Amino acid sequence: MRVISSHRLSVSTFRYHSSHAAARVDHHPQPISLTTNFTSHLHTKKIARAVVDRSALLHTEKAEALISLIKSTSTKSHLLQIHAHLIRNSLFQHSIFFSPFLFRIALPPFRDLNYAKRVFSNFRKPDYFQYNVMIRAYGMSDSPEIGFQFYQEMLRFGVKPNSLTSSFVTSCCIKIWSLFGGLQIHARILRDGHQSDGRLLTTLMGFYSSKEKYSDACKLFDEMCKRDTIAWNVLISCYMRGKRTRDTLGVFDMMRSANDCQPDEVTCLMLLQACANLNALVFGEGVHRYCEEHGFDKAMNVRNALITMYSRCGCVEDAFEVFKGMAEKDVVSWTAMISGLASNGYGRDAIEAFREMQSAGVSPDDQTFTGVLSACSHSGLLDEGRMFFNSMSEEFGIPPNIHHYGCVVDLMGRAGMVNEAYNLINSMKVKPDATIWRTLLGACRIHRQADLGEQVIEHLIELKAQEAGDYVLLLNIYSSLGDWDKVMNVRKMMKDRGIQTNPACSTIEFGGEIHEFVANDSSHSRKTEIYEMLDEINQQLRMAGYVAEIVSELHNVGVEEKQIALSYHSEKLAIAFGVLSSPPGTSIRVAKDLRICVDCHNFAKMLSAVYNREVVIRDRNRFHHFREGRCSCNDYW
DNA sequence: TTAGGGTTAG
C-alpha cells in the first residue's frame, strides 16, 4: 500500500492554499479573518498579531507566539482555524509551523490521523521529526502497519532515522505480527549506534517479549549499561510470560539492592501475581510490607492483588483482613474475595459475600459469577449452583461463558450426574474446550464411568488436546474396575501416539526460595535427610493406622512396587522437607501442579494429626487444608 | 529545538 503520493518530493513550488486536500475536509472550519466571529477573542488577537507582517514573521516573536498557540490550543476547531490561516498566508510549508501542527493533529488528544496523513502527503520535504510523528501516531492507532510503511519510506527517501524513530517503529512491530521487521530494526539500531539508548532497548525488550523471544529480551537487558525501574519491570514481565516465575523473586532483591532504582507499584503488582502463582506466602508478605512502607498499598489494584495473593497462598484470613480494611471496594475486590473464599473451601461464605456485594450496590460481572459458581462446585452446592447459573443470564443479563459452564459441569459431575453434564456440554452455545472435557473426564474417574470416559477422550483427540494426564485418568478408571486388558490398550495407545508423562511437581517455599520436587526426586541438596525423614514419617503414620491407598493410582504392578512408588510422590517429599526445615507447630504449605492423589491426601490428613501440623496443599483444582486429622474438603473430592 | 519505554488487579 502506498502511503504517500509519489509526486510529493518532486513538487517544489506547491501552493498549499489553492489545492490542498485538507481544505476539503468535512470538518474544516471557515478560514479565520479578522471579522470572523471567533469563539475566542484572545486567539483571534494572537493570530492576527502574528500574521500581520508575513515577511518578518519567521524570525520574530510573532512566529513564536503562533507556534505556542499551536502547541497550547485546547480545541481541535481552533487548531484547524490556525491551520487555515497559515494556508491563506502561504506559511504552512515552513517546518517551524508544520512540525508542531502535525504533532498536535496526529497525536493525542486530537489524533486525527486522516487529516495528518493528508497534510503530510502534501508537505514538500518531510524531515525525520515529521516522519517520527507519523510513525508514532500510527503506532498508537489500529493501523500500526502504516507506521511501519512510513518508516520504510523514510529510509527509501534517505531520511536518517534517529533513536526515537527506532523506538516508535518498534512499537509498530510489537502490534503487528512482524518478527522480521523488528529484527531489521534491531540491526539498524546497531548500525546507527543507538544501542546505548536505554529507553530504546527497553522498547526492544518489549518487542522480543511480545514475540515470545524471552531469552533475546533478557540478553538485551544484560547488555544495557544502565537499567532503570522500567527496564527491570520489563525483565520481570518477560520472566512471567516465559514461565520463569521463580526467577522474578530474585529480581525483587536485586532491585532493592540497586543504588539507582527501586521497585515501584508495577513491580509489586507483578510480584504479587508471581507469589500467588508460586504459593510463595513468605515472599508475598515481604512484598506486602514493602508496599506499606512505600504507600503503594493505598492503591486499589495493589490491594486487590494482595487479596488474590493471600487467597492463592491458602491464607484466606489474611486476604479478608486486606479486604476488610478497604474503604472502597470495586467489583474486582469483591470478586477476588469471593473466588478466594470459594477456592479455600468456604463456599457458603462466598455466597454470603456475593449477597453483601449486591447490598453494597456493586454490580457483579461475568468473573464474579465464575467465583460464585466455583464456590458452589467446590462445596457441592448443586441447587444453589443451578439457581445462580440461571439467574446470571435472566436477572443480570450476563450470558454464560465456558468458565461458567465448566463450573456447572464440575458440579453435576461431582454429584454423579455425568450423563446430564455430557448433555449440557453438547447443548452449549460456546465451543467446548479441552478444560471442560477434562472436568468431565475427572468426574468419570470418580464415578468409574468407563464408557463415557472413552467418549470424552475422543473429544480431546478431536481437539488435538489430549495430554498424558487424560490417559492416566482413563487408566485409573479401568484399573479401578480391574479391567487390565483395557489398561494395556490405553498404554499401547499412549505409546503409539508418543504421549509422554511429564512428572508431577510439588513446590514448597523455604528460606526465600521455592524448592521443587518430582516423584522419586534425587536432585535436592538435602535428599538423604529428606528420604530419612519421609521413612520416619511413614513409620509413625503406619503406627497410627495409615494404610497406603493402592487400588487405583498405579496399574497392574506388584503391590510392593506400588507401595514403594507411592511413598515417594512429589508432595510427600515436599511435606517431608517441610517437616524437616520448619519449626514444630508452623504450617506446611505445598503447591502441586496436578491433582493430589487419594493416598497423598490420606497421608497429609494423618500427618496433620500425628505431627500436630497444619498442612495446606494447593493442587490444580483447589485447596486442601488439613488440621487435626481432618480436611477442609471433608473427603478427597 | 520539539518527542519515547514497561505493567494495570479478579
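Every chain is numbered on its own, with residues counted from 1 as its sequence reads. Ligands are numbered from 1 and chains lettered from A, in the order in which they are written. For a predicted model such as this one, the threshold for reporting local features is a pLDDT of at least 70, and the threshold for listing and counting side-chain atom pairs is 80 or more; totals across whole chains, interfaces and linings nevertheless cover every residue. Only hydrogens and water are removed before side-chain values are computed, so all heavy atoms of the structure are retained for them.

In the nomenclature of an unreviewed UniProt entry, chain A is known as Pentatricopeptide repeat-containing protein of Capsicum annuum. Under the UniProt heading Sequence similarities (unreviewed entry), the note attached to chain A is "Belongs to the PPR family. PCMP-H subfamily." UniProt positions are given in the numbering used here, feature names are shortened, and annotations may be inferred rather than shown by experiment.

1. Section: the protein's contact with DNA strand B
Residues are classed as near a molecule or strand on a simple rule: at least one heavy atom within 4 Å of it. Neighbouring DNA strand B are 36 residues, the closest being N233, R241, V266, N301 and T335. Taking all atoms of DNA strand B within 4 Å of the protein, the share assigned to sugar and phosphate is 30%. Taking N132, its side chain carries an N or O atom lying 3.0 Å from a base nitrogen of DNA strand B. A distance of 2.4 Å separates a base nitrogen of DNA strand B from a polar atom in the side chain of T335. Among the elements of the structure, α8 (128-140), α10 (163-175), α12 (198-210), α14 (229-241), α16 (265-278), α18 (300-312), α20 (331-343) and α22 (366-378) are those that each provide at least two residues to the surface near DNA strand B. Secondary structure follows DSSP: runs of H or I at least 4 residues long count as helices, runs of E at least 2 residues long count as strands, and numbering of each begins at the N terminus. Here the element with the most residues in the surface near DNA strand B is α14; it accounts for 5 residues. Charged residues are taken to be Asp, Glu, Lys and Arg, nonpolar residues to be Ala, Val, Leu, Ile, Met, Phe, Trp, Tyr, Cys and Pro, and polar residues to be all remaining types, Gly included. A class-by-class count of the residues in the surface near DNA strand B yields 14 nonpolar, 14 polar and 8 charged. In the analysis that follows, any N or O atom pair within 3.5 Å is treated as a polar contact, provided that within protein one partner can donate a hydrogen and the other can accept it, and provided that, for residues neighboring in sequence, both atoms belong to side chains.

2. Topic: the packing of aromatic side chains
For this analysis, a ring pair means two rings from Phe, Tyr or Trp (six-membered ring only for Trp) whose centres lie within 6.5 Å, classed as stacked if their planes differ by under 30 degrees, edge-to-face if by over 60, and tilted for the remaining angles. Across all of its chains, the model carries 25 aromatic pairs by this definition. Seen in terms of ring centroids, Y138 and F150 are 5.7 Å apart; in terms of plane orientation they differ by 25°. Their pairing is stacked. With a gap of 12 residues between them, Y138 in helix α8 and F150 in helix α9 (residues 144-156) connect regions that are remote in the sequence. Both residues of the pair, Y138 and F150, count as buried. Plain terms: the ring middles of F207 and Y208 are 5.2 Å apart, the flat faces sit at 65° to each other, and that makes the pair edge-to-face. Buried, partly exposed and exposed residues are distinguished by accessible area as a fraction of the type maximum, computed with a 1.4 Å probe on protein chains only: under 20%, between the cut-offs, and over 50%, respectively.

3. Digging into unusual backbone geometry
Residues other than glycine predominantly adopt negative phi, and peptide bonds predominantly adopt the trans conformation. The step from P108 to P109 runs through a cis peptide bond, and the omega angle for that step is 10°. Of note, N520 is a non-glycine position whose phi angle comes to about 55°, a positive value. Along the chain, N520 turns up in the loop between β2 (513-518) and α30 (527-543).

4. Describing the UniProt feature "repeat: PPR" (unreviewed entry) in chain A
UniProt feature "repeat: PPR" (unreviewed entry): in the numbering of this structure it lies at residues 127-161, 228-258, 330-364 and 365-400. Secondary structure across residues 127-161 comprises 74% helix and 0% strand; the distance between its end C-alpha atoms is 10 Å.

5. Quick word on the nonpolar core
Side-chain atoms within 4.5 Å are what join buried Ala, Val, Leu, Ile, Met, Phe, Trp, Tyr and Cys residues into a set we call a nonpolar core. With 89 residues, the main nonpolar core has L249, V287, I307, Y310 and L440 as its most contacted residues. We call two residues in contact whenever any of their non-hydrogen atoms come within 4.5 Å of each other. Not counting the four nearest positions on each side in its chain, L249 is found in contact with L271, C275, L278, A280, F283 and I514. Counting residues in hydrophobic clusters, the runner-up holds 72 residues, among them L107, I135, V169 and I185.

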